[in-house]
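Structural overview
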Amino acid sequence: MPTTDAVATIDLDITHETGKPPILRTPAFDSLDAAIAWVSEQREAIRAELHRSGSLMIRGVGVRDAGDFARVRDVLLPRRASYKEKATPRTDFGEGVFSSTDLPAVQPIRLHNENSYTLDFPTVLLFGCVIAPESGGATTVGDMRRALELIPAGLRERFATAGWLLVRNFSELAGLPWHKSFATEDPAQVEAYCRENVIGYEWLSEGELRTRQRRSAIVTHPVTGERTWFNHVAFWSRWSLDPDVRDVLLDTYGEDGLPFETYVGDGTPLTEAEAGALNAVYDQVTLRETWQEGDLLLVDNILSAHGREAYHGDRKILVAMGDPIALADCDPATEPSTTVYGK
């Protein structure tokens, strides 16, 4: 069984405060070159802390723009990961650097694991603050090892056995259209991707697309050997939507037409109470720290979920993804499929 890195972090100035992710305060630097050299020297110790805590804010490097951020990224995440099956709008700054999200400031984003529905995904995310908001806007994190322990046992076992099912309806009017999500205008390329990635698909009227994919709700971290809750089950449940938004979407698109809907892997719809129980667990494990300009935040995408608070004022948070891994290398509790469990 893999074990956590045996690298001491005794020389790192890390504080652990209740309700916050660990915060590493760096020495003072007279240039970005000096900061990057220090990060490079401490990389193994930083990664060891990340594997212990699941997330780590680094304060003092002083990134100012996408170029600075990309230079630090190349040290911390030398193996880049791509963003697949896109679900939210982002600005692409080039060189694998994106905006964290372009969703409206008033809209909070619940905790989730990046690309939990794909067959390979980034194991580490790096966020960087170029412009800090006036208020709110923290990139929240939560330990999914702890979440797995807190989920009601009966519900946890159902997902452990059957996995979770995601159904997506791609439309020009809600969510992202398929050509943006799959980055192609060619339906044949979409079909080939779906076949290669164990995704069921059907073309609807007016060229719209519906997909279905069953994935494991629980995986094992490839380094620490710990089991974690790893999915978008609550995130994309209808019961996690604002009630007014849910009513409008259901009135407009019908019961089968929501942009996203999740189920237990056997096809059983998630009840409002079950979604509420999962979201209560996320609330219980949520950590936050107010952004300061120049901050970095490392998130182990398997050990921790991440989200975003609503905010006021300008906010520019960059993100890059790295260290891609295949789902098959994370000992998934259930195998990927295009059908419901048992069929």
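Scroll up for the structure.
Residues numbered from 1 in each chain as written. Predicted model: local features only at pLDDT ≥ 70, side-chain atom pairs only at ≥ 80, totals over all residues. Heavy atoms only, no water.

Core analysis: the largest hydrophobic core is formed by 42 residues, its most contacted members being F127, F159, W229 and L278. Every element with two or more residues in this core is listed here: strand 7 (120-131), helix 4 (144-150), helix 5 (153-162), strand 10 (164-170), strand 15 (260-264), helix 9 (272-285), strand 17 (296-300) and strand 20 (316-326). For this core, the element with the highest residue contribution is helix 9, accounting for five residues. Every residue in contact with F159, bar those within four places of it in the chain, is listed here: W164, A217, W229, V233, Y263, V264 and L270. Among the nonpolar cores identified, the runner-up in size contains 30 residues, and W38, V39, A45 and L76 belong to it. (Core = buried A, V, L, I, M, F, W, Y, C linked by side-chain atoms within 4.5 Å. Buried < 20%, exposed > 50% of the residue type's maximum accessible area, 1.4 Å probe, protein only. Helix = DSSP H or I, 4+ residues; strand = E, 2+ residues; numbered from the N terminus. Contact = heavy atoms within 4.5 Å.)

In this section: the sheet that holds strand 15. Ordered by their spatial adjacency, four strands build an open sheet running 11-12-10-15, and the pairing between neighbours is antiparallel. The sheet terminates laterally at strand 11 (200-203) and strand 15, the two strands that pair on one side only. Pairs of neighbouring strands in the sheet enclose a mean axial angle of 15 degrees, with direction left out of account. This element, helix 7 (residues 187-196), spans strand 11 and strand 12 (209-215) of the sheet and lies at about 155 degrees to strand 11. (Pairing = 2+ DSSP bridges. Axes fitted to C-alpha atoms, helices over the stretch in contact; angles between N-to-C directions.)

Here the focus is the side chain of T334. Topologically, T334 is positioned in the segment after strand 20. A residue is classified by how much of its surface remains accessible, and T334, at 6% relative accessible area, is buried. Aside from chain neighbours lying at most four places away, what touches T334 is A160, T161, A162, G163, R214, R215 and S216.

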